[in-house]
Amino acid sequence: MFSGEALAKLTYDEVVIEFMKVLEVVPNLEPDDKLQLLVLYYGKKKGIK
């Protein structure tokens, strides 16, 4: 999807923290996959469509 580009390098604890930050902005999300949500989030921040 993103041609193998590294969007971010995070530890598990950092993933949890970033995920909670996203939930503060969009509280109605109920994703099953934290990593998938963060890939989309970081991709959007980098301007990848």
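Keep in mind it's a predicted model, so treat the numbers as computed, not measured.

Engineer: Talk me through the nonpolar core; I want residue IDs and the actual numbers.
Structural biologist: Counting residues in each nonpolar core, the largest one holds 6 residues, listed as Val-15, Phe-19, Val-22, Leu-37, Leu-38 and Tyr-42. For this core, the secondary-structure elements that each account for two or more residues are helix H1 (12–25) and helix H2 (34–45).

Engineer: An account of H2 is requested, with residue identities and associated values reported.
Structural biologist: The end-to-end C-alpha distance of H2, which contains 12 residues, comes to 16 Å, matching closely the 16 Å that a straight helix rising 1.5 Å per residue would cover. Leu-37, Leu-38, Tyr-42 and Gly-43 are the residues of H2 that are buried. Of the surrounding secondary structure, the elements contacted by the buried residues of H2 are H1. Where H2 terminates, the next one or two residues include Gly-47, which has phi positive at roughly 80°.

Engineer: Break down the pattern of salt bridges for me, citing the residues and quoting the values.
Structural biologist: Scanning the entire structure with this criterion turns up 1 salt bridge. When the shortest N-O distance is used, the salt bridge between Lys-21 and Glu-18 registers 3.3 Å. A residue pair is termed a helical-turn pair when its members lie 3 or 4 positions apart in one helix, as Lys-21 and Glu-18 do in helix H1 at 3 residues. Of the residues examined, Lys-21 reaches a relative accessible area of 43% and is grouped as partly exposed. You can call Glu-18 buried: its relative accessible area is 14%.

Engineer: I'd like to hear about a nonpolar patch on the surface, residue by residue, with values.
Structural biologist: A cluster of nonpolar residues, Val-25, Val-26 and Leu-29, forms a patch on the protein surface that exposes about 240 Å² of accessible area. Relative to the elements of secondary structure, Val-26 occurs in the loop between H1 and H2.

Engineer: Describe in detail H1, supporting the description with residues and values.
Structural biologist: Each α-helix turn comprises 3.6 residues. Residues three or four places apart therefore point the same way. In this model H1 runs 20 Å from its N-terminal to its C-terminal C-alpha over 14 residues, within 8% of the 20 Å that 1.5 Å per residue would give. Those residues of H1 not exposed but buried are Val-15, Glu-18, Phe-19 and Val-22. Seen along its axis, H1 keeps its buried residues to an arc of 105°; they face one direction. Exposed side chains of H1 directed beyond 90 degrees from the buried face belong to Asp-13 and Glu-24.

Quick notes on the rules
- Residues numbered from 1 in each chain as written.
- Predicted model: local features only at pLDDT ≥ 70, side-chain atom pairs only at ≥ 80, totals over all residues.
- Heavy atoms only, no water.
- Core = buried A, V, L, I, M, F, W, Y, C linked by side-chain atoms within 4.5 Å.
- Buried < 20%, exposed > 50% of the residue type's maximum accessible area, 1.4 Å probe, protein only.
- Helix = DSSP H or I, 4+ residues; strand = E, 2+ residues; numbered from the N terminus.
- Expected span 1.5 Å × (residues − 1).
- Contact = heavy atoms within 4.5 Å.
- Salt bridge = Lys/Arg side-chain N within 4 Å of Asp/Glu carboxyl O.
- Patch = residues over 30% accessible without salt bridge, like charges linked within 9 Å, V, L, I, M, F, W, Y side chains within 5 Å.
- Areas by Shrake-Rupley, 256 points an atom, 1.4 Å probe, with all protein chains shown as cover.
- Arc of directions from axis to C-beta.

Interpretation in functional terms is not warranted from these geometric data alone.
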